[in-house]
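One-letter residues, chain by chain:
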Amino acid sequence: MKSFLTTLVICFVLCAVFLFFGGALLIENIWGSAALVALLLAALISAYLAQETKIEELEARLKALEEKENPHGQAMTDSTESPSQLR
């Protein structure tokens, strides 16, 4: 939640700066528009960062499973080969 709020504040500040320097001509309610855009951007960025964290965790689990399966440090060269063919 803390990272989401940090992302939300950063997006809100960037949107406010954009609206201050000319974006307000497009939209009449400056603060409401900035808050809406910041909320949408923060949600998208937070979802992206959550996916990145999950991918890193999965890569670590995959590496641990590969090391457990192949303790001699030999890398698998082809994903179609079974472990019995590698020995």
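Structure shown above.
For clarity, every value in this text was computed on a predicted model and none was experimentally measured.

Engineer: Please clarify how the environment of leucine 49 should be interpreted in this entry.
Structural biologist: Mapped onto the secondary structure, leucine 49 falls in helix H2 (residues 30-69). The spatial distance from the C-alpha of leucine 49 to the C-alpha of phenylalanine 4 is 9.6 Å, given a sequence separation of 45 residues.

Engineer: Mind showing me how you'd approach a nonpolar patch on the surface here?
Structural biologist: Together, Val9, Val13, Val17, Phe20 and Phe21 make up an exposed nonpolar region whose accessible area comes to about 560 Å². In this fold, phenylalanine 20 is placed in helix H1 (residues 2-20).

Engineer: Would you mind going over a negative patch on the surface with me for this structure?
Structural biologist: Taken together, the side chains of Glu52, Glu56, Glu57 and Glu59 define an acidic patch exposed on the protein surface. Examined against the element boundaries, glutamate 52 turns out to sit in helix H2.

Engineer: What exactly am I supposed to notice about the packing of H1 against H2 here?
Structural biologist: The description of two helices packed together rests on the angle between their axes and the distance between the axes. In contact at an axis separation of 8 Å, H1 and H2 are set at 140 degrees when each is read in the N-to-C sense. If you check the angle between H1 and H2, you find them oblique. Relative to H2, H1 is oriented so that their crossing is right-handed. By residue class, the composition of the contact of H1 with H2 is 18 nonpolar, three polar and no charged.

Engineer: Would you mind showing me how to read H1 here?
Structural biologist: Taking 1.5 Å per residue, 19 residues should reach 27 Å; H1 reaches 27 Å between its end C-alpha atoms and fits that length. The complete set of buried residues in H1 reads Thr7, Cys11, Cys15, Ala16 and Leu19. Buried residues along H1 cover an arc of 165 degrees about the axis, so they all sit on one side. With respect to the buried face of H1, the exposed residues turned more than 90 degrees away are Lys2, Ser3, Val9, Leu14 and Phe20. Those residues of H1 hidden inside the fold are in contact with H2.

Basis of the calculations
- Residues numbered from 1 in each chain as written.
- Predicted model: local features only at pLDDT ≥ 70, side-chain atom pairs only at ≥ 80, totals over all residues.
- Heavy atoms only, no water.
- Helix = DSSP H or I, 4+ residues; strand = E, 2+ residues; numbered from the N terminus.
- Patch = residues over 30% accessible without salt bridge, like charges linked within 9 Å, V, L, I, M, F, W, Y side chains within 5 Å.
- Areas by Shrake-Rupley, 256 points an atom, 1.4 Å probe, with all protein chains shown as cover.
- Salt bridge = Lys/Arg side-chain N within 4 Å of Asp/Glu carboxyl O.
- Lys, Arg positive; Asp, Glu negative; His and termini not counted.
- Charge placed at Lys NZ, Arg CZ, Asp CG, Glu CD.
- Axes fitted to C-alpha atoms, helices over the stretch in contact; angles between N-to-C directions.
- Parallel < 35°, antiparallel > 145°, perpendicular 65-115°, else oblique.
- Left-handed = near helix turned anticlockwise from the far one by under 90°.
- Nonpolar A, V, L, I, M, F, W, Y, C, P; charged D, E, K, R; others polar.
- Expected span 1.5 Å × (residues − 1).
- Buried < 20%, exposed > 50% of the residue type's maximum accessible area, 1.4 Å probe, protein only.
- Arc of directions from axis to C-beta.
- Contact = heavy atoms within 4.5 Å.

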